[in-house]
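Notes for the structure review
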Amino acid sequence: QVPLVESGGGEVQAGGSLRLSCTASTHRFRIYNMAWFRQAPGKEREFIAGITWNEDNTYYTDSVKGRFTCTRDNAQNTVYLQMNSLKSEDTGLYSCAANSRGWRWIKVQATYNYWGQGNQVTVSS
């Protein structure tokens, strides 16, 4: 088991910023690829951003490129999602997730074994 605890969500006006954090309660955090997924109202959950276990590569869905940054601190067992220039369409439930598959699977939701509780982000226009 890899318990994941998220923090940092909330409500912000369009154009504002938020930073989400996700902390794992495991000393093996550094072996996991980490990702953020978002479920907007009435939509399926989708991949937003991911980072490989060694921090060598990050991946983003097109709609957030240039605005969101995913980083991790393996010493703190924490992954972050810095969200800038937020838009109303960024509203949703954000969840972090961990998998131990290769980088090719980082965008594939079904490969993630461990999930955070979800954190609501609401962007008002």
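I will try to describe carefully the structure that is included in this document. The model shown is predicted, which means the values in this text are computed figures rather than measured ones. (Residues numbered from 1 in each chain as written. Predicted model: local features only at pLDDT ≥ 70, side-chain atom pairs only at ≥ 80, totals over all residues. Heavy atoms only, no water.)

Focus on the pairing of strand E5 (residues 45–51)
Put simply, the rule is: Whether a residue is buried, partly exposed or exposed follows from its accessible area with a 1.4 Å probe, protein chains only, as a fraction of its type maximum: under 20%, in between, or over 50%, in that order. Each helix is a run of H or I in the DSSP string that is no shorter than four residues. Each strand is a run of E no shorter than two, and both are numbered from the N terminus. Any two strands are treated as partners once DSSP identifies two or more bridges connecting them.
With respect to burial, E5 is a largely interior element, five of its seven residues being buried. Counting the residues between successive antiparallel strands, the hairpin from strand E4 (residues 33–39) to E5 contains five residues, one of them, Gly42, with a positive phi of roughly 75°. In terms of strand pairing, E5 meets strand E6 (residues 58–60) through three bridges, oriented antiparallel. Residue pairing for E6: Gly50 is matched across the bridge by Tyr59.

Here's the deal with the sheet that holds strand E8 (residues 78–83)
Convention followed: Between the N-to-C directions of two axes lies an angle of 0 to 180 degrees, each axis being a line fitted to C-alpha atoms and, for a helix, fitted only over the stretch in contact.
With antiparallel pairing, the four strands of this open sheet are ordered in space as E1-E3-E8-E7. Single-partner strands in this sheet number two, and they are strand E1 (4–7) and strand E7 (68–73). The mean inter-strand angle of the sheet, taken between neighbouring strand axes irrespective of direction, is 15°. Bridge count for E7 against E8 is six bridges, and the pairing is antiparallel. Looking at E8, one finds that Cys70 is bridged to Leu81.

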